[in-house]
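# Coordinate inspection notes
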Amino acid sequence: MKKRWYDYLWIWSIVYFSLGFFNILFAWLGMIDFLLPLGISIFLGNKKFCNSFCGRGQLFSKLGTDCKCSLNVSAPKWLSKRWFRLSFLAFFLTMFGNMIFQTYLVASGAQSLREAIKLFWTFKVPFGWTYAQGTVIDWVAQFSFGFYSLMLTSTLIGLIVMIFYKPRTWCTFCPMGTMTQEICKLKSASSKEVENTMSNEF
Ligand code: SF4
């Protein structure tokens, strides 16, 4: 099948983490991967981002399937159960909220800038070489460190489950995938409701 431009977005994932490794401010570019899927699901009511534009999902396919880095074993069923996906989403959003709060503390002067990233929400890794003090206001840099931590942690979890299970196992409980799926469900339920109301009226 002829390749389309968006079939190469897995390269973007590698470029993103590489750029952040040299200059943490590039972490802000990850907001595209955050806002675009939400925008598509809210305004178009579909999962086009997951199906075509997600570089991270493509990267797991590339490494797991094409490069055979996956054991290709079925994952435990509970990983794709609704209760787990929603719990993981809630956990992820809490961690996201905490990252925003840390950014706020730096913005308000209550806390100083921490030039480190946190892996798996636990392990602090010094990352000072990626930022020259004073380049931007401190909270902008703090957000970069926090956001890069979240992006890297989720990708590492995805890579781990890719190795031990099927290549796209992460996608079965990815918080963004869960969020967009729930939004699409709500949208289709509300449009069906409108259709029913109209057919009852006429
Ligand atoms: S589920 Fe997550 S990682 Fe998978 S394609 Fe969708 S946004 Fe990307």
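An account of the accompanying structure is given in this report.

### Overview of the packing of aromatic side chains
One pass over the full model with this rule turns up 31 aromatic pairs. Where phenylalanine 21 meets phenylalanine 127, the ring centres are 6.0 Å apart and the plane angle is 85°; that geometry is what we call edge-to-face. Taken together, the positions of phenylalanine 21 in helix α1 (residues 9-22) and phenylalanine 127 in the loop between β2 (123-126) and α6 (138-164) put the pair 106 residues apart, joining distant regions of the chain. Its relative accessible area of 4% is what places phenylalanine 127 among the buried residues. Here the aromatic rings of phenylalanine 96 and phenylalanine 147 are separated by 6.5 Å at their centres, their planes lie at 75°, and the arrangement is edge-to-face. With a gap of 51 residues between them, phenylalanine 96 in helix α5 (residues 82-107) and phenylalanine 147 in helix α6 connect regions that are remote in the sequence.

### Quick word on α6
When the terminal C-alpha atoms of α6 are compared, their 39 Å separation across 27 residues agrees well with the 39 Å that a helix rising 1.5 Å per residue should span. Buried residues dominate α6, accounting for 20 of its 27 residues.

### Quick notes on the pattern of salt bridges
Counting across every chain of the model gives four salt bridges. Residues lysine 62 and aspartate 66 are paired through a salt bridge, measuring 3.1 Å at the closest nitrogen-oxygen approach. Taken together, the residues lysine 62 and aspartate 66, both in helix α4 (residues 55-66) and four residues apart, mark about one turn of the helix. Among the salt bridges present, the one from glutamate 182 reaches arginine 82, with a minimum N-O distance of 2.7 Å. In this pair, glutamate 182 is assigned in helix α8 (residues 175-201) and arginine 82 in helix α5, connecting sequence segments 100 residues apart. For arginine 82, a relative accessible area of 41% translates into the label partly exposed.

### Considerations on α1
Note on helix geometry: an α-helix contains 3.6 residues per turn, so any two residues three or four positions apart are oriented the same way. If you check α1, its first and last C-alpha atoms are 21 Å apart, about what 14 residues at 1.5 Å a residue would give, namely 20 Å. Within α1, the full set of buried residues consists of Leu9, Ser13, Tyr16, Phe17 and Gly20. Buried residues of α1, seen end-on, are gathered within an arc of 105° and therefore sit on one face of the element. Considering only its buried residues, α1 is in contact with α3 (48-53), α4 and α6.

### Let's talk about unusual backbone geometry
Despite not being glycine, lysine 68 shows a phi value in the positive range, around 55°. In this fold, lysine 68 is placed in the loop between α4 and α5. The class for lysine 68 is exposed, based on a relative accessible area of 67%. One non-glycine residue, asparagine 72, lies in the positive phi region at around 60°. For asparagine 72, the location among the structural elements is in the loop between α4 and α5.

Rules used throughout
Residues numbered from 1 in each chain as written. Predicted model: local features only at pLDDT ≥ 70, side-chain atom pairs only at ≥ 80, totals over all residues. Heavy atoms only, no water. Phe/Tyr/Trp six-rings, centres within 6.5 Å; stacked < 30°, edge-to-face > 60°. Helix = DSSP H or I, 4+ residues; strand = E, 2+ residues; numbered from the N terminus. Buried < 20%, exposed > 50% of the residue type's maximum accessible area, 1.4 Å probe, protein only. Expected span 1.5 Å × (residues − 1). Salt bridge = Lys/Arg side-chain N within 4 Å of Asp/Glu carboxyl O. Arc of directions from axis to C-beta. Contact = heavy atoms within 4.5 Å.

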